[in-house]
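These are the residues of each chain, in order.
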Amino acid sequence: MKLENYHAQQEMQNIIKLREMLKTLPQFAVGYFRSLGDQTAALTRLAYAYDLRIFFKFLAEEIFDNTSVCSISTDDMRRVESDHIEEFMEYLSYYVPAENPDAPHTNTSLGKSRKLAAVRGLFKYLYRKKLIPANPAELVAFPKINEKAITTLEVNEIAKLLDEVDSGENLTERQKIFHERTKIRDAAIITLLLGTGMRVSECVGLDIRDIDFEVNGLRVTRKGGDEMILYFGDEVEAALCAHLEIREDSDPIEGHENALFLSLQNRRITDRAVQKMVKKYASLITQLKNISPHKLRSTFGTQLYAETGDIYLVANVLGHADVNTTRKHYAKMDDTYRRKAANAVRLRE
């Protein structure tokens, strides 16, 4: 498949996956997902479909006497009560899929919340379309989610991470062989993630033509498909320039000619490959922190907020649609600023 527009192709692939998934769900679910078409990305709808498939399988096996999922009708959905949905939430704590009995599944409170959100969306649609007389999902409360502290790298850890990428000193002998071929690319990717706070999906989706060194800006496609210019500093510029020098000597396979970052197979690098690469280097400089590309994004956000104190700027640069999302993640830093404010005003000289 020719990847002239990476993000458009990803969207198309997810649409195709969603269409295949819908063939395994009740017929009325098709209308629900069609109603979401202009509001959500295909990847989001696909995630909803996976979650609802679990719900429908639960109904088919536990509530509707082992009927098939595809045969569930809106008449059946009228029989679903809030108690059934609460039973489903308990079921999610531990269940064994019939198609894979050797792989039991568990869900944290966060996983349960996501699935309940999908179920609520479905029942809201059915009620709005007058296909059911009431909405039992509204009566089911979301599970309490214990907030975790943000994991970020300290300034000295950032320096150690970048030094490790440059040197590869603590890698295994086998890893060092590959390191010689990828260290400049790896340094560019990690510097870019740390220096802009972009998502890993935005990073791997970059094309060479998305860079403008005249303004030191990058054109990225954010969640939902919106384009935005992210600006970068001197360290990111140096890392990108070094990478582009070796990138010019690459021989990408057909359809991947525009990709900024390539794998050793000369294909556009994948999200998974970047995640593994970050973990490989980060594990060498800290054993206590599980560092992922998202943690590098959090590190950038934390540093930007510490330098500016501007939560709206952080929200904008990180691409958060709602500033309250940003505020929730950086609430403890807000508290630090408030403590400083207590001694900022002198009442007596």
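Described below are features of the structure shown in this document. Every value quoted in this text rests on a predicted model; they were computed, and no experiment measured them.

To continue, consider a negative patch on the surface. Together, Glu61, Glu62, Glu81, Asp83, Glu86, Glu87 and Glu90 make up a region of like negative charge exposed at the surface. Counting only elements with at least two residues in the negative patch, the list comes to α3 (42-63) and α5 (82-91). Broken down by element, the negative patch gets its largest block of residues, four residues, from α5. One can find Glu90 in helix α5.

Here the focus is the pairing of strand β3 (residues 227-231). Of the two faces of β3, only the one carrying Met228 and Leu230 is buried; Glu227, Ile229 and Tyr231 on the other face are not. What sits between the antiparallel neighbours strand β2 (residues 217-221) and β3 is a turn of five residues, in which Gly224 has the positive phi angle 90°.

Before going further, it helps to spend a moment on the packing of aromatic side chains. For the structure shown, the criterion picks out eleven aromatic pairs. Geometrically, the ring pair formed by Tyr32 and Tyr125 is tilted, given 5.6 Å between the ring centres and 55° between the ring planes. Taken together, the residues Tyr32 in helix α2 (residues 28-35) and Tyr125 in helix α6 (residues 109-128) connect sequence positions 93 residues apart. Of the residues examined, Tyr32 reaches a relative accessible area of 4% and is grouped as buried. According to the relative accessible area criterion, Tyr125 is buried, its value standing at 9%. Judged by centre distance (5.0 Å) and plane angle (70°), the ring pair of Phe55 and Phe88 falls under edge-to-face. Taken as a pair, Phe55 in helix α3 and Phe88 in helix α5 lie far apart in primary sequence, 33 residues in all. Grouping residues by exposure puts Phe55 and Phe88 together as buried. Above the ring of Tyr281, the side-chain terminus of Lys280 is found at 4.7 Å from the ring centroid.

Bringing the environment of Ala134 into the picture now. As for its placement among the helices and strands, Ala134 is situated in the loop between α6 and α7 (155-167). Judged by relative accessible area, Ala134 falls into the partly exposed class, the value being 43%. It is 9.2 Å that separates the C-alpha atoms of Ala134 and Lys124, two residues lying ten residues apart in sequence.

Helices that pack against each other are described as a pair by the angle of their axes relative to one another and the distance between those axes. Direction vectors running N to C along helix α12 (residues 293-308) and helix α13 (residues 311-318) enclose 150°, while the axes themselves pass 9 Å from each other. Taken together, α12 and α13 sit at an angle that is classed as roughly antiparallel. Crossing handedness for the pair α12 and α13: right-handed. For the pair formed by α12 and α13, the contact residues are Arg297, Phe300, Gly301, Leu304, Tyr305 and Thr308 on the first element and Ile311, Leu313, Val314, Val317 and Leu318 on the second. Each residue belonging to the contact of α12 with α13 can be placed in one class, and the counts come to eight nonpolar, two polar and one charged.

Time to look at unusual backbone geometry. With phi around 60°, Lys130 is a residue other than glycine that occupies positive phi space. Positionally, Lys130 belongs in the loop between α6 and α7. Look at Asn216: it is not a glycine, yet its phi comes out positive at around 50°. Mapped onto the elements of the fold, Asn216 is located in the loop between β1 (211-212) and β2.

A separate point is the state of the cysteines. Per the counting criterion, the structure on display carries zero disulfides. You can see Cys203 has no disulfide; the closest cysteine sulfur is in Cys241, sitting 16 Å from it.

Formed by 48 residues in total, the largest nonpolar core has its most connected members in Leu161, Ile190, Met198, Phe261 and Leu296. Top contributing element to this core by residue count: helix α8 (residues 173-196), with seven residues. The contacts of Ile190, once residues within four sequence positions are left out, are Leu161, Leu162, Val165, Met277, Val278, Tyr281 and Leu296. Counting 40 residues, the second-largest nonpolar core is a separate cluster that includes Met21, Met89, Tyr91 and Leu116.

Rules and cut-offs
Residues numbered from 1 in each chain as written. Predicted model: local features only at pLDDT ≥ 70, side-chain atom pairs only at ≥ 80, totals over all residues. Heavy atoms only, no water. Patch = residues over 30% accessible without salt bridge, like charges linked within 9 Å, V, L, I, M, F, W, Y side chains within 5 Å. Areas by Shrake-Rupley, 256 points an atom, 1.4 Å probe, with all protein chains shown as cover. Salt bridge = Lys/Arg side-chain N within 4 Å of Asp/Glu carboxyl O. Lys, Arg positive; Asp, Glu negative; His and termini not counted. Charge placed at Lys NZ, Arg CZ, Asp CG, Glu CD. Helix = DSSP H or I, 4+ residues; strand = E, 2+ residues; numbered from the N terminus. Buried < 20%, exposed > 50% of the residue type's maximum accessible area, 1.4 Å probe, protein only. Pairing = 2+ DSSP bridges. Phe/Tyr/Trp six-rings, centres within 6.5 Å; stacked < 30°, edge-to-face > 60°. Lys NZ or Arg CZ within 6 Å of the ring centre and 35° of its normal. Axes fitted to C-alpha atoms, helices over the stretch in contact; angles between N-to-C directions. Parallel < 35°, antiparallel > 145°, perpendicular 65-115°, else oblique. Left-handed = near helix turned anticlockwise from the far one by under 90°. Contact = heavy atoms within 4.5 Å. Nonpolar A, V, L, I, M, F, W, Y, C, P; charged D, E, K, R; others polar. Disulfide = S-S within 2.5 Å. Core = buried A, V, L, I, M, F, W, Y, C linked by side-chain atoms within 4.5 Å.

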